[in-house]
Amino acid sequence: MDSPPLYLPLLLLTSLPTLWQGAGAQSLFTIDSVTLKLDPSGEVTSGTFMDLNCEVSVSHHQSHPLTHSFNFLRDDVLVYSKNTTEPAVLHQLTPARAANSGTYKCQVIVQDKSKGSSTHRLTITGLQTPVLQVTSQILFEGDEVAATCSAPDESGSLLFHFYQDQEKIKQVRASGNSVGTRLELKHAGDKHLRCYFETTMLPDAGRSNNSNTVKVMVKELFITPVMNIHPGKDAGKDVIEGDIVEFVCRVVNPPPNVAVFLTKDKRMLKTAYISLSHSLRVLAEDSGEYVCKADRGNVQKEAYESIKVKELFSKPVLVMKPREVFEIERFTLNCDTDRYSHERINIGDVKYSLFRNQVLLTSGGNYTATAHPSLNGNYSCQAQALGRGQTKKIFKNSTQIVLKAKVPVSVPLLSVVGGRLILGKPFQLQCQSDNGSLPITYTLLSPHRQAEFRVVHSPWDLALFNITSIHRSSDIHSFSCKAENNPSQPYMESSGYHLRRTATIIEPVSRPVLTLTPKMGDVAEGEDLTLTCTVQRGTPPITYTWYHTKGALPLVSKTTNDMRLSHLVQGVSREHGGRYYCITNNPSKDSQRSAMVTVGVKLAGWKKGLIAAFCILLTVSLIIIIILVKKCLLPFRRERTVELSVKPASTKTDKTLRLTHGEVNEAANVTPGVMGRSVWSDHVSGSESDDQTREETEVPEPQYTEVHPQEVDPTRAPVKKGTDTVYSEVRNSNQGESESEQADGQGSVEYAQLNHNDHESEEPEHEPEPKPEQGSEQDGQLE
């Protein structure tokens, strides 16, 4: 791509200030003010000439004037607009009318700027008086006159009202200031017409004054019709069916455009202008009032004449006997008339014909046949006769008879509603015949209840009978049903044996019995338990459900046709113990629950033997352990000697009596008798005498001396030898030696307390001074 010339950017740079000045020149102005003046202002009478002057003040620096767009608004709707360079615009209302009322404002637009004046309210009171004009002032009654009501100086939507004298006859809405309409003047005489109007946009402006009054003359319209009937009452003879009657309807001296009509029972027979004539071969149904009506515009006048036509013969009557006939029954049709004109005909002059479905069945007034579906249809009779002096026969038809031979009722069928019943519960029986014309009367019979009746009138009705209950299946045979629809024929009856074959009879289950195998209800662990649920009665299939009270859900549920069903629990364990029951159900939906049975679970035989063997083994083991313990403890006790040295408490030597902590405990644990014999007494019995003799050779015989310890100086620390602090008091028993050998083994030592510390026994050179401490009698006395 070629590069742009070098002078182009320079040209753009030099032209930018000029473009900026030009763009700024258009916006260098401001609209100082906009002023609207109304002359006159405020409330002004309708018809006044008004000036609306709008002035604008604009500040700008240009030499040529700016273009101003002046817009006059009434209620924010533009009513006048003008573009000019002048600073003021005049808008005139010549003259002002009520439609000009409103709030005025002047909006001035200069280029892209706009400014509006303040608003001014203008109210114009009063409305212009309208002018009424009519096209004709002489009319006939019923004519319409064209009238115009106008208010040329008014504007907007106007509502015009027209009056005839003091009666308002019409109201018309117009979008302009004038309206034309047609006014109907009904009655003859001089009529005075006027009008006035209202503004729909300014309801507060009220109504205008009445217009000028226009007098209109309404002439009476002489169009009263005259009607004649030939032959009529003046002829002095009756009009009989088949006679020709002429009707004449006319207007005497009629104005132009008068129409006449001949009517009967609002049915138009003939119409023409000024006069008409109508001939009719009359029948009896032509009797009645005839109307001759003259019509011109909206004016109608009428004349009335009546005629009575005598029957040549009466309308034939077709009779069927019997009125209701069943198939294979005979019926008769008879056609006849009960009246005829003796002046014109004889009774034999009337001829009859019978029709079925508008096809000739027979010539004559009688017909007999046997009812059959092929003869069903619409039957009618026609009678005809020719009167003397008449040239045309008179035909009359009877009213049709619909023959539909009734069907005899068939043997009813007795059935159970729903197809099944439950013994002991309510149910319904339905009795219905497949064939038979309605209505049919059904009767339910039973030897144990009153007869019940149901009448079926339509195919949708059912003969239903409510039965409370039966308790045996054979009771269903006692019901029977009979149906009848023809009192002259015997009724048809059904029996309950058919009902037994067609109905399903359900017997609810009896209360079940739950039995156990083994029968005692105690079963050993690992054995099988059989739960047998048995019912005595019930229609299969029967559903058996077993429950264990320890669980909410059933154990098992089975359906069978049998009256007994078992449930096997294999390998009974502890959790199978407890209470059981069963529930039975069948299609009757009536559940039965058995009584509860209790199942106890015993230990298995091998478990019992194992426990017995374990107990025996444990007993033997304990005996052996006791024997061994005694044998082991006896030498140990013999080796534990007690050295007792009795010296003054103040002087302690190495021969002082020392008891170890173990020896004290041993002394506390043994019985007093043993204690006395093994420690303090030199008299022993049995085998221990030899041992004691050997100990006497090793240990000097103890001397029993009462020792009185000296009082301890509180300022002197106790002397500690080793780890034992010994306080001892030995009292010699005053009793003899024989007392020491008593069986209770009571010793001579009244009190002895030894404190021993195993840890401190390792340091015999630091034995503390003995500290006296008195314990309980049981702790300090060795017996």
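Residues numbered from 1 in each chain as written. Predicted model: local features only at pLDDT ≥ 70, side-chain atom pairs only at ≥ 80, totals over all residues. Heavy atoms only, no water.

Colleague: Got a minute to help me understand the overall build of the protein in this structure?
Modeller: The helix and strand tally for the protein stands at eight helices and 54 strands. Counting across all 783 residues of the protein, residues that qualify as buried make up 35%. Looking at the protein alone, contacts between residues at least 24 apart form 63% of all its contacts between residues at least 6 apart. (Helix = DSSP H or I, 4+ residues; strand = E, 2+ residues; numbered from the N terminus. Buried < 20%, exposed > 50% of the residue type's maximum accessible area, 1.4 Å probe, protein only. Contact = heavy atoms within 4.5 Å.)

Colleague: Help me understand the pattern of salt bridges in this model?
Modeller: For the structure shown, the criterion picks out 16 salt bridges. As a salt-bridge pair, Glu452 and Arg449 come within 2.2 Å of each other at their nearest N and O atoms. Here the residues in one salt-bridge network are Glu241, Glu311, Asp338, Arg339 and Lys396, joined through shared partners. (Salt bridge = Lys/Arg side-chain N within 4 Å of Asp/Glu carboxyl O.)

Colleague: Sorry, what's going on with the environment of Lys310 here?
Modeller: Here Lys310 lies in strand β26 (residues 309-310). Residues Lys310 and Val282, 28 residues apart in the sequence, show an inter-C-alpha distance of 9.5 Å. Those residues in contact with Lys310 that lie beyond four places of it in its chain are Asp238, Val239, Ile240, Glu241 and Glu343. At 3.5 Å, the side chain of Lys310 and the side chain of Glu343 are in polar contact. (Polar contact = N/O pair within 3.5 Å; in protein donor to acceptor, adjacent residues only side chain to side chain.)

Colleague: Teacher, can you tell me more about the sheet that holds strand β20 (residues 244-251) here?
Modeller: Read from one edge to the other, the open sheet built from three strands follows the order β18-β20-β23, with strand pairing classed as antiparallel. The open sheet terminates on both sides in strands that have one partner only, identified here as β18 (225-230) and β23 (275-281). The sheet shows a mean angle of 15 degrees between the axes of neighbouring strands, direction not considered. Pairing between β20 and β23: seven bridges, direction antiparallel. Along β23, the bridge assignment pairs Cys249 with Leu276. (Pairing = 2+ DSSP bridges. Axes fitted to C-alpha atoms, helices over the stretch in contact; angles between N-to-C directions.)

Colleague: Even after reading the chapter, I still don't get the side chain of Asn586, so can you show me in this structure?
Modeller: Along the chain, Asn586 falls in the loop between β50 (578-585) and β51 (592-593). Assessed through its relative accessible area of 4%, Asn586 is described here as buried. Of note is the side chain of Asn586, whose polar atom sits 3.1 Å from the backbone oxygen of Thr539. When residues no more than four places from it in sequence are discounted, the contact partners of Asn586 are Ile506, Glu507, Pro508, Val509, Gly538, Thr539, Pro541 and Ile542.

Colleague: I keep staring at the state of the cysteines and nothing clicks. Help me out?
Modeller: Two cysteines whose sulfur atoms are joined by a covalent bond form what is called a disulfide. Going through the model one piece at a time under the given rule, you end up with six disulfides. One disulfide bridge connects Cys54 with Cys106, the sulfur atoms lying 1.9 Å from each other. Every disulfide takes its handedness from the sign of the S-S torsion; for Cys54 and Cys106 that torsion is -90 degrees, giving left-handed. One end of the pair, Cys54, is in strand β3 (residues 50-60); the other, Cys106, is in strand β7 (residues 102-110), and 52 residues separate them in sequence. Residue class for Cys106 comes out buried when judged on its relative accessible area of 0%. Here Cys431 engages in a disulfide with Cys481; their sulfurs sit 1.5 Å apart. Classification of the bridge connecting Cys431 and Cys481 rests on its S-S torsion, roughly -90 degrees, and on that basis the disulfide is left-handed. Taken together, the positions of Cys431 in strand β37 (residues 427-432) and Cys481 in strand β41 (residues 480-484) put the pair 50 residues apart, joining distant regions of the chain. Cys481 gets classed as buried once you look at its relative accessible area, which sits at 0%. Cysteine pairing for the protein (bonded cysteines numbered in sequence order): 1-2, 3-4, 5-6, 7-8, 9-10, 11-12. (Disulfide = S-S within 2.5 Å.)

Colleague: How should a nonpolar patch on the surface be read in this particular structure?
Modeller: Taken together, the side chains of Phe614, Leu618, Leu622, Ile625, Ile626, Val629 and Leu633 present a nonpolar region at the surface, about 640 Å² in accessible area. In this fold, Val629 is placed in helix α3 (residues 605-639). (Patch = residues over 30% accessible without salt bridge, like charges linked within 9 Å, V, L, I, M, F, W, Y side chains within 5 Å. Areas by Shrake-Rupley, 256 points an atom, 1.4 Å probe, with all protein chains shown as cover.)

Colleague: Hey, could you run me through the packing of aromatic side chains in this one?
Modeller: Note on aromatic pairs: each is described by the distance of the centres and the angle between the planes. One pass over the full model with this rule turns up seven aromatic pairs. Arranged with centres 5.7 Å apart and planes meeting at 50 degrees, the rings of Phe72 and Tyr80 form a pair that is tilted. Its relative accessible area of 0% is what places Phe72 among the buried residues. A cation sits over an aromatic face here: Arg207 above Tyr196, 3.5 Å from the ring centre. Geometry around Tyr581 places Arg593 over its ring, the cationic atom sitting 3.8 Å from the centre. (Phe/Tyr/Trp six-rings, centres within 6.5 Å; stacked < 30°, edge-to-face > 60°. Lys NZ or Arg CZ within 6 Å of the ring centre and 35° of its normal.)

Colleague: Explain the sheet that holds β37 to me, please; I cannot follow it from the model alone.
Modeller: By way of backbone hydrogen bonds, the strands of a sheet pair with one another, either parallel or antiparallel. Taken in spatial order, the three strands line up as β35-β37-β40 in an open sheet, and their pairing is antiparallel. Strands with a single pairing partner mark the edges of an open sheet, and in this sheet they are β35 (413-416) and β40 (464-467). Neighbour-to-neighbour, the strand axes of the sheet open up by a mean angle of 25 degrees, direction not taken into account. Sheet topology note: the β37/β40 ladder contains four bridges and is antiparallel. If you follow Phe427 over to β40, its bridge partner there is Ile467.

Colleague: Looking at this structure, how should I read unusual backbone geometry?
Modeller: Apart from glycine, the bulk of residues carry a negative phi angle, and the bulk of peptide bonds sit in the trans form. Of the consecutive residues Leu438 and Pro439, the connecting peptide bond is found in the cis state with omega at 0 degrees. Cis geometry marks the peptide bond from Pro540 to Pro541; its omega dihedral reads 0 degrees. Of note in this structure, Asp76 is not a glycine but carries a positive phi near 65 degrees. Phi angles above zero are rare outside glycine, and Gln358 is one such case at about 65 degrees. Along the chain, Gln358 falls in the loop between β29 (351-356) and β30 (359-363).

Colleague: Just to check I follow, could you spell out the environment of Gly180 for this structure?
Modeller: In this structure, Gly180 sits in strand β15 (residues 178-184). By relative accessible area, Gly180 is classed as exposed at 56%. For the pair formed by Gly180 and Cys149, sequence separation is 31 residues and the distance between their alpha carbons is 6.5 Å. Non-local contacts of Gly180, meaning those with residues more than four positions away in its chain, are made with Ala147 and Thr148.

Colleague: Just to check I follow, could you spell out the side chain of Asp286 for this structure?
Modeller: Looking at the element boundaries, Asp286 is found in the loop between β23 and β24 (288-296). As a buried residue without a salt bridge, Asp286 has its nearest oppositely charged side chain in Arg267, at a separation of 5.2 Å. Beyond its immediate chain neighbours, meaning those up to four positions away, Asp286 contacts Lys264, Leu280, Arg281, Ile307 and Val309. (Lys, Arg positive; Asp, Glu negative; His and termini not counted.)

Colleague: Explanation requested: the environment of Phe395 in the structure shown.
Modeller: Its location among the elements puts Phe395 in strand β33 (residues 394-397). When the C-alpha atoms of Phe395 and Ala383 are compared, they prove to be 5.8 Å apart, with 12 residues separating the residues in sequence. Leave out the neighbours within four places in its chain, and Phe395 touches Gln382, Ala383 and Gln384.

Colleague: Which parts of the structure should I look at to understand the confidence of the model for the protein?
Modeller: Caution applies to low-pLDDT parts of the model: their predicted coordinates are not meant to be read in detail. With 76% of its residues at a pLDDT of 70 or more, the protein shows a mean pLDDT of 77. pLDDT under 50 marks residues 1-25. Its contacts with residues more than four places away, or in other chains, come to two contacts. Below a pLDDT of 50 lies the segment residues 641-783, which in the model reaches 159 contacts outside its immediate sequence neighbourhood of four places, other chains included. (pLDDT = per-residue confidence, 0-100.)

Colleague: Is there a simple way to think about the nonpolar core in this case?
Modeller: Soluble, globular proteins show a tendency: their nonpolar side chains are buried together. The biggest cluster of nonpolar side chains holds 25 residues, and the ones touching the most others in it are Phe313, Leu318, Phe331 and Leu333. At the level of secondary structure, the elements contributing two or more residues to this core comprise β27 (317-321), β28 (330-336), β29, β31 (366-370), β32 (377-385) and β34 (401-403). By residue number, the principal contributor to this core is β32, which donates four residues. When neighbours within four sequence positions are excluded, Leu333 is seen to be in contact with Leu318, Val319, Met320, Leu354, Gly365, Asn366, Tyr367 and Tyr379. (Core = buried A, V, L, I, M, F, W, Y, C linked by side-chain atoms within 4.5 Å.)

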